[in-house]
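Observations on the three-dimensional arrangement
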Amino acid sequence: MPPRIPGGGCRPQQLLTSLEAPTPSCTLPAPALALRPRQPPTASSSRPLSTTPRCSSKTESTKPPPQLTRVRRKFLDFLEHSSMLRKSKVLKEPTYLSNNVVTRSEGEVVQRDMPFPNNPYFRSQSVLSAVSRERVWSEVMEGGMPIKAVAAKYSVDVRRVTAVVRMMEIEKRWEREGKPLAYAYARSMGHLVPQHNVRAESKFEPINDLHVHSHTMQQLFVPTSESRHFTRADAARAFGEHILPPEARMRIPELVDMERKIAQGVPPPVAGAEFIAAARESEQEIAARNFERARSKEARTVRVQTDRFEFRFEKIDSEAVGPKGRSRTAVGWRYGVPLMDRRRAEVKIPTSMD
Amino acid sequence: MRQRRFHGLKRIRVRQTWNKYNLFNLWRLRTPPYLWRTFFQQKWTAKSLTRGYHGEHIKEHRWERMFSRRLLSAVNMDPVYMAQHDGSEQAAGRGSGLKTRPDPDNKHAVGPRNNANMRLATPYMQMAYAPMERRLDIAIFRALFASSARQARQFVLHGAVTVNGRKMTHPSYLLNPGDMFQVEIDKVMLGTGKPKPAAKTQRPPKSAPKQEASDVDEADADAEAAESEATEAVSEPVDVEALTKQHQATLKELKDRAQEALDAQDVRLRAKQKQSLRKFVHDIKSTMSRTGKRGSDAPSTSELTDLEAGLSSMLEDLSLTPTQRQDKARQAQQQKEGGGADNNEHALTKQQLELLHDIMDRHRENPVDSSKPYATPWKPRDWMAPFAFIPRYLEVNPRICAAVYLRHPVARPGLAEVPTPFSFNISQLAFNWYLRRR
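Residues numbered from 1 in each chain as written. Chains lettered and ligands numbered in written order. Predicted model: local features only at pLDDT ≥ 70, side-chain atom pairs only at ≥ 80, totals over all residues.

1. Topic: the overall build of chain A
When its secondary structure is counted, chain A shows 12 helices and 5 strands. Per-residue burial over chain A gives 20% buried out of 354 residues. For chain A, the proportion of contacts with a sequence separation of at least 24, taken over those separated by at least 6, is 48%. (Helix = DSSP H or I, 4+ residues; strand = E, 2+ residues; numbered from the N terminus. Buried ≥ 20, exposed ≤ 12 C-beta atoms within 10 Å, placed from the backbone. Contact = placed C-beta atoms within 7 Å.)

Set out below in structure tokens:
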């Protein structure tokens, strides 16, 4: 049984407040980078303490001025000493709480890129600068480089490359249309958020990420002969029939092929050119597949244009209702399956926007 | 139940806002000592602390339905390692993996391995609130398009947000990987910009000399109020006449300078720049003609001050002060005489020209516009810098105020992508609370 707070029952709120009121020793930072020790509240202190209300100019206001408690005084001190964090306009580089006023009493090292001094696992990582976005866009749209090759060249995730191109297209279109863009906002974000300029040799982020499948998070004991050549593919199969080996799950598997060629003695420029060709081929395949899918869907659809709507009729199979007749994708009303579509007060938030 | 303060000093709650009280609370947030409390109490405290930050505007039962015990993580694979090894080396020997030849210098020598990750533990527990980051309103806040999650929610509800080009009015919409969301630019500028100074109320003139301007404490972060007080104190109705005259003189000077910039032959202005300058000249002329009049049509002193401030800042950036103008004229003459032989002088003017173009562009991009609901020209709001970070699962284009939700946030060795201000212990306890084995 834990000791109770004298005089009170085990009320959690009381526990909370007693817990969270930090002792001065742990709240105040270490003396090295500490705040200037506060002057004792004497008459010589310039700040009015309790007699003069702070907002004396608002004499008309009926609201009583906030009491200058100990915490509030600390708060005001904090504001005074972290005034460099205030002026976002004049700051020309990312400035976080951790690199200015905070030192940890526990002796932990607080890095400059930690916006949250308590959480060393979250870092303010850099974002692509405007110049980088422009360059990535021009490589893809003007240079005609395959997306995978651009991603590998600058070490930027494939999904990010596509997103950059997609948004740059909108930006260019708006510029052509003369729509006012948020240049001022973008400029100050460029100062406040760490920026990364893409270069061929510098890495921005990991590009060969594999999602850790929950089936592979267990520990397995697979009895096998000592002489067996047990590879990654075998390990994947041991975890489950549907688990694919890493080679099949990588976003740019062509990179492994390229490295393999280099290891076999192919000169790197040649291997690089072959990599670009392979990437282009795979992207063309994907494009062809998407085109074919869209074409077949169009072939299945009958469009009827009226003056107000365009009706699209698609052939469906009413028998495709799954083994128990309750498939989620089945169309139409089925006996015994509640249809919530028209129920009152049913909020239907879309799950995807295409 | 009594409504508690959102940003209180007494009870530390870190919120998803860019508020200065919040910054202070974040600064003094510490992991509470847990030794003498029951496990339930520890979890309860951790839960209430973390929920105060992560989607405090979302009802608890909603969050409980969103919570997932499956925490996503990712590992990076090194293609060089994958090309050279097929993984069988890890099962070599008696199953503990291939080791390099014993090295007397390096006792911890290991065999070939995937070196693309940091050699640190994966902080899974910091991912407890990862499903929250999928919500549209919180993603807007994370993309720095709103100053708080609640403001982001309001933007969505007011119809200022589109997802994949279609209007979306549900803040609880869960973004799918690849979704692009856009917020109206004006809303973003309003949310992240400095607020417009409040309209000055007409007060009867006081006979006693004002003392507020000197009394106001700067640390109170009411500097704006102080400034407005000061300007008000200056613009007493007593010396309106003199002030107007002064304004007129300044305006005339500005007009002349703008006209000169327009007339200068060696300065090649673009059509738009010329247009904007002409508009400014026109504005000044009309204002000056109105200052001569009396009655309702006469411009207010505040209007004059605004115009003057905007114009002077614009023209001062052009570096066309009278002495500089003389210098420039001399340079132009020298160039004419020398036939452009003096390369050094020529380069200087070119630089100046570029600067001029740059500054003109900047003023066109960020104009003074009293119709906007925020202070113009736009400036980032105070206390924003310590909160300005963009997590890697978003790709943001700030010029069009659009962002793409690339993927779900993941944990990697040494890093967790969910922005949470709490330490590992608190997050772990909160995660344990939601496992519902209490």
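Further notes follow.
2. Points about the sheet that holds strand β5 (residues 394-397) of chain B
Residue and element names in this part refer to chain B. If you walk across this open sheet you meet the 5 strands as β3-β2-β4-β6-β5, and the pairing is antiparallel. Only two strands of the sheet have a single partner each, and these edge strands are β3 (166-167) and β5. Across 2 bridges, strand β2 (residues 161-163) lies against β3 in antiparallel orientation. Of the residues in β3, the one forming a bridge with Val163 is Arg166. (Pairing = 2+ DSSP bridges.)

3. Considering the nonpolar core
Among the nonpolar cores identified, the biggest contains 117 residues, and Leu136, Ile140, Val161 and Phe181 of chain B are the most heavily contacted of them. Excluding residues that lie within four positions of it along the chain, Val161 of chain B makes contacts with Leu136, Ile140, Phe155, Val156, Met168, Phe181, Gln182 and Val183 of chain B. (Core = buried A, V, L, I, M, F, W, Y, C linked by C-beta atoms within 7 Å.)

4. Quick notes on the UniProt feature "domain: RNA-binding S4" (unreviewed entry) in chain B
Residues annotated by UniProt as "domain: RNA-binding S4" (unreviewed entry) correspond here to residues 134-197 of chain B. Here residues 134-197 of chain B runs as 38% helix and 16% strand, with 35 Å between its end C-alpha atoms. (UniProt positions renumbered as here; feature names shortened; annotations may be inferred.)

5. Re the pairing of β5 of chain B
Residues and elements named next belong to chain B. What you see with β5 is no split at all: Leu394 and Val396 on one side and Glu395 and Asn397 on the other are buried throughout. The sheet contact formed by β5 and strand β6 (residues 402-405) spans 4 bridges and is antiparallel. Bridge pairing links Val396 to Ala403 in β6. In sequence, β5 turns back onto β6 through a hairpin of 4 residues, with Cys401 there showing a positive phi of about 55°.

6. Regarding the confidence of the model for chain A
Overall, the predicted model of chain A reaches an average pLDDT of 81, with 79% of residues at or above 70. Counting interchain partners and residues more than four positions distant, the pLDDT-below-50 stretch residues 1-58 of chain A has 53 contacts. (pLDDT = per-residue confidence, 0-100.)

7. Brief notes about the domain arrangement of chain A
All names here are of chain A. According to the domain assignment, chain A consists of domain 1 (24-34 + 67-124), domain 2 (127-196) and domain 3 (214-299). Counting from both sides, the interface comprises 7 residues of domain 2 and, opposite them, 9 residues of domain 3. Per-element tally for the side of domain 2 that touches domain 3: the top contributor is helix α6 (residues 147-154), with 5 residues. (Domains from an automatic or database assignment.)

8. A closer look at helix α2 (residues 39-53) of chain B
All names here are of chain B. A rise of 1.5 Å per residue sets the reference length of α2, with its 15 residues, at 21 Å; its end C-alpha atoms lie 22 Å apart and thus fit the reference within 8%. Within α2 the residues assigned to the buried category are Gln42, Lys43, Thr45, Ala46, Lys47, Leu49, Thr50 and Tyr53. In the segment just after α2, Gly55 is the residue with positive phi, at about 60°. (Expected span 1.5 Å × (residues − 1).)

9. Quick word on the pairing of strand β4 (residues 179-183) of chain B
Residues and elements named next belong to chain B. Taken across its 5 residues, β4 has 5 buried, putting it largely inside the fold. Residues Asp179, Phe181 and Val183 point to one face of β4 and Met180 and Gln182 to the other, with burial holding for every one of them. Two elements, β2 and β4, share 3 bridges in a ladder whose sense is antiparallel. From the neighbouring strand, Val161 faces β4, where its bridge partner is Val183. Note: β4 against β6, 4 bridges, orientation antiparallel. Opposite Met180, over in β6, you have Val404 as the bridge partner.

10. Some points on the environment of Arg134 of chain B
Within the secondary structure, Arg134 of chain B is located in the loop between α4 (79-84) and α5 (136-142). Put simply, Arg134 of chain B and Leu175 of chain B are 41 residues apart on the chain and 5.3 Å apart in space, counted from C-alpha to C-alpha.

11. Let's talk about the packing of α6 of chain A against helix α12 (residues 268-300) of chain A
Helix-helix packing: each pair is described by the crossing angle between the helix axes and the interaxial distance. All names here are of chain A. Running from N to C, α6 and α12 cross one another at 135°; their axes reach a closest spacing of 7 Å. Classified by the angle their axes make, α6 and α12 are oblique. Taking contact as the criterion, the partners of Ile147, Lys148 and Ala149 in α6 are, on α12, Phe275, Ile276, Ala279 and Glu283. Of the residues contributing to the contact of α6 with α12, the split by class is 5 nonpolar, no polar and 2 charged. (Axes fitted to C-alpha atoms, helices over the stretch in contact; angles between N-to-C directions. Parallel < 35°, antiparallel > 145°, perpendicular 65-115°, else oblique. Nonpolar A, V, L, I, M, F, W, Y, C, P; charged D, E, K, R; others polar.)

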